Every structure is written in structure tokens, then in C-alpha cells.
Amino acid sequence: MKVLVIGSGGREHALAWRLSQATRVSKIYVAPGNGGTATDSRFHGIDITDPVALREWAAKEKIALTVVGPEAPLAAGVVDEFRAHNMRIFGPTQAAAQLESSKAFSKAFMKRHKIPTADYEAFTDAAAAHAYIDAKGAPIVVKADGLAAGKGVVVAVTVAEAHEAVDFMLLDNKFGVSHNDGGARVVIEEFLQGEEASFIVMCDGKNVTALATSQDHKRLLDGDQGPNTGGMGAYSPAPVVTAEVHARAMREIILPTIRGMEKDGIPYTGFLYAGLMIDGKGQVKTLEFNCRMGDPETQPIMMRLKSDLFEVFWHATDGTLDTVDLEWDRRVALGVVMAAHGYPLAPRKGDRVDGIPAEAPDAVVFHAGTTLDAGALQTSGGRVLCVTVLADNVKLAQQRAYEVAARIRFDGAQYRKDIGFRALPGRDAGH
Ligand code: AMP
Ligand code: GLY
């Protein structure tokens, strides 16, 4: 069977890599893929991004299954397009993808279905937003409504910062956020305290299967300092997600969300990623929903997955996920993102990348922002590579990952030296 993976990041490289080990898969296409998939004979790049053109190409090529990596094609309706032509695709419809593409939609959805999340108010009028901030005080969180590639959120420590964020988002639109119909809108919400985790499940419309737990590091610098990024590293499992927290997240967040979407006439299919905030008492709130897998969380999760991923997707697109029991490697997987000079504000492109070691059973370097230029590998985006390893514990995983990263060279490479520190034994997770 031929499969198609849509996307070009480390997440898509990791999904394609795991699919390449599936028994029934004969050929894997990646649209468009990156320098890593282009230099690996197991993958075939396709330079099409438009949903209709992709569907036409996939029909002609007799693609048996398509998997969507990023949010943009989902929000553009690629799943609706494939399904309208009876083609098998795993992901949410455009309407269901609003759980991610519109903060106002997802916050109203959570309120309506009593899913725990921060208190909030949505605004299109800057004066009303400013008045709300004055009434609530700081710390407070200001979010642009629309896809912003992780850059549309300001956690304001002072009231002045919150006011400035509102002006940025509503008046100047400095973040370049793609706003939803009706123009610029912000969501202002209560600041939540605790530890974050990525809770990712697969849904077939009714049945839900949780993936292994994970955590990422969103800040650029060691010690979770510096600006927010798409994610500088991740690991699985996440010790903060105890059995109790897991049960609670399923009972209070995931299942009510799937039931709520069904009830609202928008059944949810695809990966669903709940960003959790877990407080010192083990109470769980939803920070956000993503309608896709996390990047870089996918890379360590795929390293740990032992089940045949193609068969899992087959069940997930047949409505029979209830018959699937995912099997995981018991070891720790840890991924360190190597980013380009200037990331996240102004990543530089065109730096030559050398020294990537061959794949080993316990270490795979997944590509993201790389491209092939006249046979040479170059940087082409902010997050360039994700060095992903398996080891018996977090400490050994860190050692192994940093040993591999040290061999890779490109000008201006930046990466954190402390990925996984929250999962080290002895650290007080707060509960
Ligand atoms: P989001 O894109 O909504 O997940 O926000 C990005 C990041 O901002 C999250 O991963 C958190 O670190 C932080 N954040 C978002 N909302 C809140 C909140 N209500 N309280 C505290 N931190 C938040
Ligand atoms: N790593 C966070 C995300 O994929 O949204």
C-alpha cells in the first residue's frame, strides 16, 4: 500500500520513518518533505501543497492512506476534500480543526461542555480589552485568535505588558497572525500555575486511544528562559502525568471533548493534543487544543511506538480504534532540537549542515528546516534537526543525545543543554 504524509517538519519525518517499518506499506510519499526525507531512499518527495491538487494527485497515484501533520492544511480543509472523494485520510475536518484554529471557538466549546480551562473573555474592541485587563490585574494571558505558529500568546507579568500585547494584536497585528473571519480578535485569560504536559490521543469519531505521555520545552534557553518557540526539545514519558493525572485528563478533558464534538455535530477524527496545566494538587486544566500531533513531541513518541503504525491508522480511519492496543518501548525517548541562527525571530537560511550520523537503533536525527541544494544539505527553517534517542533513563538519554548533537555542525546552531531536566529523578515535580 502507498501512503502519503503531508508536511515538512520533524513531526512528519518521524511519522514517515515509523510508517516505513510497517509490513503493508510499499511506498511512502511526503508532501513536500525536507532535506532528511529527500536524502533517504525510503521516502519520495511531492511538491504539491494545494488540497485539491494533492487529492487529485493521490487519486491518480492510488494512495491508500493519507496522514496530515501540520495544522494549516487541516484548517484549509484537506480532510474534507479527500473525504468528499472517498479517499482515506487521518485528521480532523475543517470544522473540527477549529478547536485549534480559533481560540474563541475552543474556549466557548470548553465553557459549553464544562471542560476545565482558564477563565476568559474574547474581545474585538481594544478599549473593552484594556478595561478588562485593568479590572483583572496581572499576571494575565493575552492570545491572538487564529493560527500564529506558537507566537500569538503573551503571558503578561505586568498590566502594562498586557495592554501592549492587546495593541500589538488588535491594532497593529505585529504577530502577523492569520485572523479568522471578522478580523482581529483576542482572548484574554486567567494565568494558570503548574507544570505543563502534552496529552495526545487518537480519535476515530467515537473511540479514543491515548498515545504515550510527553512534555516539551517551549522556551529558547536553558532553565525554561527566553522567548517562546515551537518547542526546543521533548521527551516521553512525562513523569508529571501520573496514573491519576492521566485518568483525570481522560475523564475531565478528552472524553467530554470527543462527546461534545459529537453532540455538536462535528465528530472529531484525528490526533487531538490537549496542552495540560497540572497544578500541585494534581488538578488538570486545558491550556489549549491542537488538532495534530506536537512537534517535537512526535519524534520521541514515534521512537517509543512498537505497534505497526499503518495498522493503527487503518483502524483509526475505519472507526475501530477500540480494537487497538498501542505498544510502547519501556525506555525513555528524548529529542533535542537544533535550531538555526536567529531562531525564533529571524532564522537564517542557507547554512551548510554536516556531521549527521547514520541512523542507529537508539538514535535517529529527524530533519525539519533542512533542504538539499546541489547535493549539499542546508538549513532552510528555524528548527533544523531533532536528535532523538532511546535510553534506559533520562540521564543516559541526555548523554546520548548530546553526544550525537556535538558531532553535527552548522554555523549558528543553537540548542538547549538541559532537555528533560523536569523528568530527572529527585526533582520535585510539586506533587
Ligand atoms: P498556547 O499556545 O495557548 O498553548 O500558549 C503557549 C504557551 O503560553 C503555553 O504553552 C504556556 O506556557 C503559556 N500559557 C498559555 N496560556 C496560559 C495560561 N492561561 N496560564 C499560564 N500560561 C499560559
Ligand atoms: N510542541 C508544541 C506544539 O507542537 O504545539
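Residues numbered from 1 in each chain as written. Chains lettered and ligands numbered in written order. Predicted model: local features only at pLDDT ≥ 70, side-chain atom pairs only at ≥ 80, totals over all residues. Heavy atoms only, no water.

Chemist: Would you explain the pattern of salt bridges in this entry?
Modeler: A side chain of one charge can pair with a side chain of the opposite charge when the charged atoms of the two come close. This structure, assessed with the given rule, holds 27 salt bridges. Between Arg42 and Asp40 there is a salt bridge, with its nearest N and O atoms 2.7 Å apart. Residue Glu81 pairs with Arg55 through a salt bridge whose shortest N-O separation is 2.8 Å. Of the two residues, Glu81 sits in helix α5 (residues 78-84) while Arg55 sits in helix α3 (residues 51-60), which places them 26 residues apart along the sequence. The pair formed by Glu81 and Arg55 is uniform in burial state, with each residue classed as buried. One connected set of salt bridges, linked through shared partners, spans Asp222, Asp224, Arg416, Asp418 and Arg422. (Salt bridge = Lys/Arg side-chain N within 4 Å of Asp/Glu carboxyl O. Helix = DSSP H or I, 4+ residues; strand = E, 2+ residues; numbered from the N terminus. Buried < 20%, exposed > 50% of the residue type's maximum accessible area, 1.4 Å probe, protein only.)

Chemist: So what exactly am I meant to see when it comes to helix α7 (residues 103-112) here?
Modeler: It helps to recall that an α-helix has 3.6 residues per turn; residues three or four apart then point in one direction. Where burial is concerned, most of α7 is hidden: seven out of the ten residues are buried. Every buried residue of α7 is accounted for by Lys103, Ala104, Phe105, Ser106, Lys107, Phe109 and Met110. Buried residues along α7 sit in contact with α6 (98-101), β6 (120-123), β7 (140-144), β11 (186-190), α10 (243-263) and β19 (284-290). In the stretch just after α7, Lys114 is the one whose phi turns positive, near 55°. (Contact = heavy atoms within 4.5 Å.)

Chemist: I would appreciate a short explanation of the packing of aromatic side chains in the present structure.
Modeler: Centre-to-centre distance and the angle between the planes together describe a pair of aromatic rings. Here the structure, examined in full by the defined rule, presents nine aromatic pairs. Seen in terms of ring centroids, Phe105 and Phe109 are 6.5 Å apart; in terms of plane orientation they differ by 10°. Their pairing is stacked. On the criterion of helical spacing, the pair formed by Phe105 and Phe109 is a turn pair, its members being four residues apart in helix α7. With respect to class, Phe105 is no different from Phe109; both count as buried. When the centroid spacing of 6.1 Å and the interplanar angle of 15° are considered together, the rings of Tyr402 and Tyr415 count as stacked. Residue Tyr402 is found in helix α13 (residues 394-407), and its partner Tyr415 is found in the segment after α13; the two are separated by 13 residues along the sequence. Within the aromatic cluster, the residues linked to one another by ring pairs are Phe90, Phe271 and Phe313. Its end group placed over the ring of Trp314, Arg88 keeps NZ or CZ at 3.5 Å from the ring centre. If you follow Lys417 out to its NZ or CZ, it ends over the ring of Tyr415, 4.3 Å from the centre. (Phe/Tyr/Trp six-rings, centres within 6.5 Å; stacked < 30°, edge-to-face > 60°. Lys NZ or Arg CZ within 6 Å of the ring centre and 35° of its normal.)

Chemist: I keep staring at the site of ligand 2 and nothing clicks. Help me out?
Modeler: If you check the shell around ligand 2, you find Asp216, Gly230, Tyr273, Asn290, Arg292, Gly294, Asp295, Pro296 and Glu297 and nothing else. Here Arg292 contributes a side-chain N or O atom positioned 2.9 Å from an oxygen atom of ligand 2. Measuring from an oxygen atom of ligand 2, one finds a backbone N or O atom of Asp295 at 2.9 Å. Considered on its own, ligand 2 offers 200 Å² of accessible surface; in the complex 91% of this is hidden by protein. A class-by-class count of the residues in the shell around ligand 2 yields two nonpolar, three polar and four charged. (Near = heavy atom within 4 Å. Polar contact = N/O pair within 3.5 Å; in protein donor to acceptor, adjacent residues only side chain to side chain. Areas by Shrake-Rupley, 256 points an atom, 1.4 Å probe, with all protein chains shown as cover. Nonpolar A, V, L, I, M, F, W, Y, C, P; charged D, E, K, R; others polar.)

Chemist: Explain the packing of helix α1 (residues 10-19) against helix α12 (residues 309-316) here, please?
Modeler: Two packed helices can be described by the angle between their axes and the distance between those axes. Look at α1 against α12: their axes get within 8 Å of each other, and the N-to-C directions meet at 105°. By the angle class used here, α1 and α12 are roughly perpendicular. Touching Leu15, Arg18 and Leu19 of α1 are Leu309, Phe310 and Phe313, all from α12. Among the residues forming the contact of α1 with α12, the class breakdown is five nonpolar, no polar and one charged. (Axes fitted to C-alpha atoms, helices over the stretch in contact; angles between N-to-C directions. Parallel < 35°, antiparallel > 145°, perpendicular 65-115°, else oblique.)

Chemist: I would appreciate a short explanation of unusual backbone geometry in the present structure.
Modeler: Both trends apply: most residues other than glycine have a negative phi, and most peptide bonds are in trans. Residue Ala31 is joined to Pro32 through a cis peptide bond whose omega torsion reads 0°. Between Ala138 and Pro139 the backbone carries a cis peptide bond, its omega angle lying at -5°. Among the secondary structure elements, Pro139 is positioned in the loop between α8 (126-136) and β7. The phi dihedral of Asn86 is positive, around 55°, even though this residue is not glycine. Its location among the elements puts Asn86 in the loop between α5 and β5 (89-90). Positive phi values are uncommon outside glycine, yet Asp224 reaches one of about 55°. On the secondary structure map, Asp224 appears in the loop between β15 (219-221) and β16 (225-228).

Chemist: When you look at the state of the cysteines in this model, what are you seeing that I'm missing?
Modeler: For the coordinates displayed, the defined rule picks out zero disulfides. With no disulfide of its own, Cys291 lies 11 Å from the sulfur of Cys203, the closest cysteine sulfur. (Disulfide = S-S within 2.5 Å.)

Chemist: Please explain the site of ligand 1 as it appears in this structure.
Modeler: Near ligand 1 lie 15 residues; those nearest to it are Lys143, Glu189, Leu192, Glu196 and Glu288. Within the side chain of Lys103, one N or O atom sits 3.0 Å away from an oxygen atom of ligand 1. At 2.7 Å from a nitrogen atom of ligand 1 is found a main-chain nitrogen or oxygen belonging to Leu192. Within the complex, 91% of the 470 Å² of free accessible area of ligand 1 lies under protein. Those elements that provide at least two residues to the shell around ligand 1 are β7, β9 (153-156), β11 and β19.

Chemist: Just checking my understanding: could you explain the sheet that holds β6 for this structure?
Modeler: Strands pair in a sheet through their backbones, by hydrogen bonds, and they do so in one of two ways: parallel or antiparallel. On the basis of which strands lie adjacent, the open sheet formed by four strands has the order β6-β11-β7-β9 and antiparallel pairing. Each having just a single partner strand, β6 and β9 make up the two edges of the open sheet. Direction aside, neighbouring strands of the sheet carry axes that sit 20° apart on average. Pairing of β7 with β11 involves five bridges; the strand directions are antiparallel. Bridging across to β11, Val141 finds its partner in Glu189. The sheet contacts of α8 involve β6, β7 and β11, and relative to β6 the element is tilted by about 160°. (Pairing = 2+ DSSP bridges.)

Chemist: It is not clear to me how the nonpolar core should be interpreted in this structure. Could you clarify?
Modeler: Proteins that are soluble and globular tend to have nonpolar side chains buried together. Judged by nonpolar contacts, the single largest core of 46 residues is most densely connected at Leu4, Phe199, Ile254, Tyr268 and Leu272. For this core, the element with the most residues is α10, which contributes seven residues. Those residues in contact with Ile254 that lie beyond four places of it in its chain are Phe199, Val201, Val208, Ala249, Leu272 and Ala274. Core analysis: the second largest hydrophobic core is formed by 41 residues, Trp17, Ala22, Leu65 and Phe271 among them. (Core = buried A, V, L, I, M, F, W, Y, C linked by side-chain atoms within 4.5 Å.)

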